[in-house]
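Chain by chain, the residues run as shown.
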Amino acid sequence: MSSREVEVAGARLAVVDEGGGPPIVLLHAGVADLRAWDDVVPRLLAAGYRIVRYDARGHGPSPTEDVEFSQRTDLLAVMDALGVGRAALVGNSRGGMTAIDTAVESPTRVAAVVAVAAGVSGFDGDATPEEIELFEAYRKVDTAEPFDAAALTDFEVRVWGDGPGQPPGRAAALVRERLSAMDLPLNEPGRVRGREIALDPPANERLAELRCPVLAIAGRLDFSETVQVAERLAAVAPDARALVWDDVAHMIGMEQPERLAAAIVEFLAPLDRWA
């Protein structure tokens with residue numbers, strides 16, 4: 001295993017590079033860091049892949065200045081620094097959005113995408129009345145005066161760990177504890193994350209341009225939009241299919257790492273090798 005820092009404009013990204021074979025880059029969710037993939041990585045290494053993961057700006061030990069930046073440019077900078085010409089991208093939540101955006105903007109660099117409970121830039125799903133109420137409660141906790149980082153973290157662990165509307169503690173205690181440990185530092189006042197430059201036009205208007213195979217995985221215990229995203233990708237992207245699992249929420253790689261890794265390996269196995 002190799003750990004290093006990659007310098008990008010206004011930031012240093014903490015990167016972990018393991019194994020050999022066709023490279024897979026793992027992109028974490030916005031409420032987590034690269035440790036969210038800890039239980040998935042050994043299974044992908046055992047299948048013969050090189051696994052690269054990194055902490056996005058402002059996450060984990062990846063400090064950033066308050067500058068404008070592109071998640072896609074940061075991803076390509078990591079790949080360039082490690083000599084990766086093409087990679088399969090596996091992204092959870094915001095990481096899935098970055099994977100899809102990059103596949104649209106830089107198609108020659110992406111061999112395949114696995115979008116895990118992902119967003120698609122420019123796509124707004126149809127929320128249920130219960131979800132709309134939850135969004136309002138989320139906003140109130142996030143903007144409370146005085147601000148309470150622990151309260152926001154607890155709320156986010158319930159929403160993203162257990163799932164919206166699910167009983168508190170539905171997710172395993174270890175999953176909740178690990179998610180809280182990653183998320184709490186992100187919510188501390190003064191945390192600098194930079195200012196993201198969105199893909200323009202957004203990916204939702206350009207899904208037909210996707211040239212690589214796409215597997216979209218979503219859970220029915222998550223917000224309904226993630227299922228809608230998976231179904232839209234399967235319907236519009238030229239080579240995409242969706243898997244919707246009934247028993248998982250948002251942090252699928254933490255909840256069911258063996259199942260997710262098996263789905264990734266099965267999806268990638270028929271593809272021509274890349275480097």
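Our subject is the structure listed above.
The rules behind the values
- Residues numbered from 1 in each chain as written.
- Predicted model: local features only at pLDDT ≥ 70, side-chain atom pairs only at ≥ 80, totals over all residues.
- Heavy atoms only, no water.
- Helix = DSSP H or I, 4+ residues; strand = E, 2+ residues; numbered from the N terminus.
- Contact = heavy atoms within 4.5 Å.
- Pairing = 2+ DSSP bridges.
- Right-handed = clockwise from strand over helix to strand, strands pointing away.
- Phe/Tyr/Trp six-rings, centres within 6.5 Å; stacked < 30°, edge-to-face > 60°.
- Buried < 20%, exposed > 50% of the residue type's maximum accessible area, 1.4 Å probe, protein only.
- Axes fitted to C-alpha atoms, helices over the stretch in contact; angles between N-to-C directions.

*Asks:* Can you break down the environment of cysteine 212 residue by residue, with the values?
*Replies:* Mapping cysteine 212 onto the fold places it in the loop between strand S8 (195-196) and strand S9 (214-219). Residues cysteine 212 and glycine 48 lie 164 residues apart in sequence; the distance between their C-alpha atoms is 21 Å. With sequence-adjacent residues up to four places away left out, cysteine 212 is seen in contact with Ala103, Val110, Ala111, Ala112, Val113 and Asp239.

*Asks:* Give a description of the pairing of strand S10 (residues 240-245) that names residues and reports values.
*Replies:* Pairing analysis gives 6 bridges linking S9 to S10, with the strands arranged parallel. Note that in S10 the partner of leucine 215 across the bridge is arginine 241. Viewed along the sheet, the connection from S9 through helix H7 (residues 224-236) into S10 turns out right-handed.

*Asks:* Lay out the packing of aromatic side chains in plain terms, naming residues and giving numbers.
*Replies:* Aromatic ring pairs are defined here through the distance separating the ring centres and the angle between the ring planes. Inspection of the entire model under this criterion finds 5 aromatic pairs. With 5.1 Å between their ring centres and 50° between their planes, tyrosine 138 and phenylalanine 155 make a pair best called tilted. Note that tyrosine 138 is positioned in helix H4 (residues 129-142) and phenylalanine 155 in helix H5 (residues 149-162), a separation of 17 residues in sequence. Since its relative accessible area comes to 15%, tyrosine 138 is described here as buried. A relative accessible area of 7% means that phenylalanine 155 is categorised as buried. Through successive ring pairs, a cluster of aromatic residues spans Phe135, Tyr138, Phe155, Trp160 and Phe223.

*Asks:* Pulling in residues and values, what's your account of the sheet that holds strand S7 (residues 110-116)?
*Replies:* Spatially, 8 strands are ordered S1-S2-S4-S3-S6-S7-S9-S10 in an open sheet, and the strand pairing comes out mixed. Across the chains shown, the open sheet's two edge strands, defined by having one partner strand only, are strand S1 (2-8) and S10. Averaged over all neighbouring strand pairs, the angle between strand axes comes to 20°, with direction disregarded. Taken together, the 6 bridges between strand S6 (residues 87-92) and S7 define a ladder with parallel strand orientation. Among the inter-strand pairings, alanine 88 is bridged to a residue of S7, identified as alanine 112.

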